[in-house]
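# Notes for the structure review
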Amino acid sequence: MVKKSTALLIGGRCSFNHLRRRLPHVLEEALNWFGFGAWMTMSDRDAGLDPTDPDPTLTVVICRYTIVSTGGTASALEGAGVSVVKVEEVTNFPEMLDGRVKTLHPSIHGGILARRDDEHHIEALNKHGIKTFDVVVVNLYPFYEKVTSTADVTFEDGIENIDIGGPTLIRAAAKNHKDVLVIVDHKDYPALLEFLQDKEDSQQFRRELAWKAFQHVAAYDSAVSEWLWKQSGGGDKFPAGLTVPLTKISTLRYGENPHQKAAFYTDKSLSVVNAGGIATAIQHHGKARLATVYWLAYTPCSWEASSLYRYPSFQLLHGSYISDVIFVQEMSYNNYLDADAAWNCVSEFNSPTCVIVKHTNPCGVASRTDILEAYRLAVKADPVSAFGGIVAFNIEVNEDLAREIREFRSPTDGETRMFYEIVVAPMYTERGLEVLRGKSKTLRILEAKKTEKGMLSLRQVGGGWLAQESDDLVPQDINFKVVSEKAPQENELLDAKFAWLCVKHVKSNAIVIAKNNCMLGMGSGQPNRLESLRIAFRKAGEEARGAALASDAFFPFAWKDAVEEACENGIGVIAEPGGSIRDQDAIDCCNKYGVSLFFTNIRHFRH
């Protein structure tokens, strides 16, 4: 016969207070009433409960499980008045090597891995006096938090924070999930309690916990692997093997189109910690829907777990109890793509700037000391495309700017209020937010941090991934070499640099026409460069005369093609990478028409 069941609690260098911080707030209230050990136990309907209890089926009692823990956590639990068996009492072997070896012992792993329906396994346990473990709860050493902290972390300190025993326990319990419950996330405590109260076993629940356990360990090992590569890779950004740990934030309504299912994940790689970007933006307003959350109702005489509308992501907006959270903000698949494009573009400008994006292409860009004027000029560049787009600013949105966004009429008719999907900025004043919220219930208002440079860019292709460094070059990093007979004026050079920074963010083939720190027109995504140029001129109109034109790649032809057509339309200066076998044709053409020409020797393809 099997020895008495035991629930195993492993702290992983977690102090008592650290464990308490990991508990949901309301569950912590329950612990204050019933005692800390309650969270590892179950409601036993056959334990002789007092029938006068107001809710005997939910009363938490320590009656069936023995808690086994490592030293630090065991001491903390004992200090809280909870009966605990220390691991060394089970293994009859002390912790050794400064705590590196604690639980790596047959008395522990035998009790976890033994199959309860295998007669030979049970005989082996009984022969060696090993008890089974039915619940394993593990908090791993805080390696991720340690190596991403602001404090300098030595290599030795990082190594000592790599957990060995914890992942081994998790993997063992997850492998034998048919008989052992494994918990690695405090958010699963309410579900565990509900499961333990149920008379029927659920293998599906056990499998979900096992999947989560293996995923948890995989992400943990990924962080260790990434950190070690940075310590020993010699600065190479492309290791022979690459694992990207992703955490699902929400299930989206659909993908690019309604028939495509989609979800949003955040990247938990060490390299993106505090790196900014849209994925970590705070959403202040937007379309809302009911969240599904687990809540705990607590009174001095009873507590109970329940569930309302379950939804994978929510923020604590009001109050201190999880039950207060009933709404979540919603972003679509295309919203994320467009917001990312707008934010990446506007973040590269040093002067106060407004960028308007539609389908990931900037259709309006303007920089001015007066941000209100910059906003109006950005809309004016292409008001038809701007309608329903994303508006991004690189400075604070105050009440005046918010009111301008809310009330501004389309230049096309002077009557229609401009409609936007998203406004994104680095910060907002309180009044600015209040005014913007009044524009539309569906307007998403995002507060984002500037994306750091030097990030690795990943893109999926069928059966594989492409990895490259992010395109971080800006005009200040580039030598604009004059190759024409006509030398440009200072203002023409500034116009060329502004157009060059804009064209970098336009899909290839890309042409941008700009003047006085304002985009006048752009052509994007055309299979041939001449067609993109014609689209840009059509949008810019007469304002193109004397303006700057930037091309993301060289012009393959000049005469009776893009270069000559640009000169004939009155363009003042052209900036292009150069590198064509017909570069001299472009130079000769510009000389004929008296147009200044820059070669940058830098290409900005964007596919």
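Throughout this description, residue numbers start from 1 for each chain and increase along the sequence as written. Selection of residues for local features in this predicted model requires a pLDDT of at least 70, selection of side-chain atom pairs for listing and counting requires 80 or more, and totals for whole chains, interfaces and linings are taken over all residues. Excluding hydrogens and water, the side-chain figures rest on all heavy atoms present in the structure.

## What to know about the environment of L473
Counting from the N terminus, the helices are the DSSP runs of H or I reaching at least four residues and the strands are the DSSP runs of E reaching at least two. Inspection of the secondary structure puts L473 in the loop between β19 (464-469) and β20 (481-482). Think of it in three bands: residues with accessible area under 20% of the maximum for their type are buried, residues over 50% are exposed, and the middle band is partly exposed, with areas taken using a 1.4 Å probe on protein chains only. Of the residues examined, L473 reaches a relative accessible area of 34% and is grouped as partly exposed. Between the alpha carbons of L473 and I602 there is a distance of 8.9 Å; along the sequence they are 129 residues apart. Any two residues whose heavy atoms approach within 4.5 Å at even a single point are treated as in contact. Look past the residues within four positions of L473 in its chain and what remains in contact with it is K504, I602 and H604.

## Here's the deal with the sheet that holds strand β14 (residues 361-367)
Paired strands, in this sense, are two strands between which DSSP finds at least two bridges. Within the open sheet, the six strands sit side by side as β8-β17-β16-β15-β13-β14. Their pairing is mixed. Unpaired on one side and paired on the other, β8 (282-285) and β14 mark the two borders of the sheet. Strand-to-strand twist in this sheet, taken as the mean axis angle between neighbours without regard to direction, amounts to 20°. Where strand β16 (residues 420-425) meets strand β17 (residues 444-447), four bridges bridge the pair, whose relative direction is parallel. Looking at β17, one finds that A425 is bridged to E447. Packing of helix α12 (residues 333-346) onto the sheet brings it into contact with β13 (353-358), β14, β15 (389-393), β16 and β17, and relative to β15 it is tilted by some 35°. Only the stretch in contact is used when fitting a helix axis, every axis being a line fitted to C-alpha atoms; angles between N-to-C directions are given from 0 to 180 degrees.

## Some details on the nonpolar core
A general tendency of soluble globular proteins is for nonpolar side chains to be buried together. Formed by 56 residues in total, the largest nonpolar core has its most connected members in Y375, F393, I513, L549 and I574. If one sorts the elements of this core by residue count, helix α13 (residues 371-381) sits on top with seven residues. Not counting the four nearest positions on each side in its chain, I513 is found in contact with C518, M519, L520, G521, A536, F537, A540, A544, A547, A548, L549 and I571. Residues enter a nonpolar core if they are buried and are Ala, Val, Leu, Ile, Met, Phe, Trp, Tyr or Cys, with the set joined through side-chain atoms within 4.5 Å.

## Details of the packing of aromatic side chains
Only rings of Phe, Tyr and Trp enter the pairing, Trp through its six-membered ring, and a pair is recorded when the two centres are within 6.5 Å. The plane angle decides the type: under 30 degrees is stacked, over 60 is edge-to-face, the rest tilted. This model, assessed by the stated rule, comprises 12 aromatic pairs. Ring centres of F155 and W227 lie 5.3 Å apart, and the angle between their planes is 15°; on these two criteria the pair is classed as stacked. Of this pair, F155 sits in helix α8 (residues 155-160) while W227 sits in helix α11 (residues 203-232), placing them 72 residues apart in sequence. Residue F155 is classed as partly exposed on the basis of its relative accessible area, which comes to 39%. Accessibility expressed as a relative area gives 7% for W227, which makes it buried. Here the aromatic rings of Y375 and Y420 are separated by 6.3 Å at their centres, their planes lie at 70°, and the arrangement is edge-to-face. Highlighted residues: Y375 in helix α13 and Y420 in strand β16, separated in sequence by 45 residues. Its relative accessible area of 0% is what places Y375 among the buried residues. The exposure class of Y420 is buried, given its relative accessible area of 1%. Each member of the aromatic cluster is reached from another via a ring pair, and the members are F143, F155, Y220 and W227.

## Some points on the confidence of the model for the protein
Chain-level statistics for the protein give a pLDDT mean of 81 and a share of 82% at 70 or above. The quantity called pLDDT is the predictor's confidence in a given residue, expressed from 0 to 100. Scored below 50 in pLDDT, residues 13-63 shows 98 contacts in the model against residues more than four places distant or in partner chains. Long-range and interchain partners of residues 289-329, a stretch whose pLDDT sits below 50, account for 97 contacts in this model, where long-range means more than four residues apart.

## Re the environment of W343
Of note, W343 is situated in helix α12. In this structure the C-alpha to C-alpha distance between W343 and V391, which are 48 residues apart in sequence, comes to 8.8 Å. Any N or O atom pair separated by 3.5 Å or less is treated as a polar contact, with the protein-specific requirement of one donor-capable and one acceptor-capable atom, and with residues adjacent in sequence counted only for side-chain atom pairs. A distance of 3.1 Å separates a polar side-chain atom of W343 from the backbone oxygen of K449.

## Examining the pattern of salt bridges
We define a salt bridge as a side-chain nitrogen of Lys or Arg found within 4 Å of a carboxyl oxygen belonging to Asp or Glu. Applying the stated criterion across every chain, the model contains 24 salt bridges. The shortest N-O distance in the salt bridge between R431 and E399 comes to 2.9 Å. Residue R431 is located in helix α16 (residues 430-437), and its partner E399 is located in helix α15 (residues 399-407); the two are separated by 32 residues in the primary sequence. Here R431 falls in the partly exposed class, since its relative accessible area comes to 35%. Put simply, R431 and E434 hold a salt bridge, and the shortest N to O gap is 2.9 Å. Remark: E434 and R431 occur in helix α16; sequence separation between them is three residues, near one turn of the helix. Taking the relative accessible area as the measure of exposure, E434 reaches 47% and is therefore partly exposed. Through salt bridges with shared partners, a single network forms among E399, R403, R431 and E434.

## Thoughts on helix α6 (residues 119-128)
The opening residue of α6, the one whose side-chain oxygen lies 2.9 Å from the backbone nitrogen of H120, is D118. Phi turns positive, to about 65°, at G129, one or two residues after α6.

## A word on the pairing of strand β22 (residues 519-523)
For β22, the buried fraction is high: five of the five residues fall into the buried class. Relative to β22, strand β21 (residues 511-514) runs antiparallel, the two being bridged by four bridges. Of the residues in β22, the one forming a bridge with V512 is M522. Taken together, β21 and the strand that follows it, β22, pair antiparallel across an intervening segment of four residues, in which N516 is found at a positive phi of about 55°.

## Quick look at the packing of helix α5 (residues 106-113) against helix α9 (residues 165-175)
Their axes nearest at 8 Å, the elements α5 and α9 cross at an angle of 30°. When the interaxial angle is binned, α5 and α9 end up roughly parallel. Listed contacts from α9 to I108, H109, I112 and L113 of α5 are T168, L169, A172, A173 and K175. Across the contact of α5 with α9, the residue classes break down as six nonpolar, two polar and one charged. Any angle from 65 to 115 degrees is called roughly perpendicular, while one under 35 is roughly parallel, one over 145 is roughly antiparallel, and all others are oblique. Charged residues are taken to be Asp, Glu, Lys and Arg, nonpolar residues to be Ala, Val, Leu, Ile, Met, Phe, Trp, Tyr, Cys and Pro, and polar residues to be all remaining types, Gly included.

## Considerations on the packing of α13 against α15
Two numbers describe how α13 lies on α15: the axes approach to 10 Å, and their chain directions differ by 20°. As the angle between them shows, α13 and α15 are arranged roughly parallel. Classified by chirality, the crossing of α15 by α13 is right-handed. Contacts between α13 and α15 involve I371, L372, Y375 and R376 from the former and D400, L401, E404 and I405 from the latter. The sense of a crossing depends on the near helix, which, turned anticlockwise from the far helix by less than a right angle, makes the crossing left-handed and, turned clockwise, makes it right-handed.

## Description of unusual backbone geometry
Residues S508 and N509 are joined by a peptide bond in cis, for which omega reads -10°. Here N517, not a glycine, exhibits a phi torsion of approximately 60°, which is positive. Mapped onto the secondary structure, N517 falls in the loop between β21 and β22. Residue classification places N517 among the partly exposed positions, given a relative accessible area of 35%. Look at N601: it is not a glycine, yet its phi comes out positive at around 65°. Structurally, N601 can be placed in the segment after β25 (596-599). The exposed category is assigned to N601, whose relative accessible area is 69%.

## Here's the deal with the sheet that holds β25
In a beta sheet, neighbouring strands are held together by backbone hydrogen bonds and run either parallel or antiparallel to one another. Read across the open sheet, the six strands follow the order β20-β25-β24-β23-β21-β22; overall the sheet is mixed. Here the strands that pair on one side only, and so sit at the sheet edges, are β20 and β22. Strand direction decides the pairing type here: strand β24 (residues 573-576) and β25, joined by four bridges, are parallel. Its bridge partner being in β25, I574 is matched across the sheet by L597. Helix-sheet contacts for helix α18 (residues 529-540) involve β21, β22 and β23 (548-551), and the interaxial angle to β22 is about 150°. Of the strands in this sheet, β24 and β25 touch helix α20 (residues 583-593), which is tilted by about 155° from β25.

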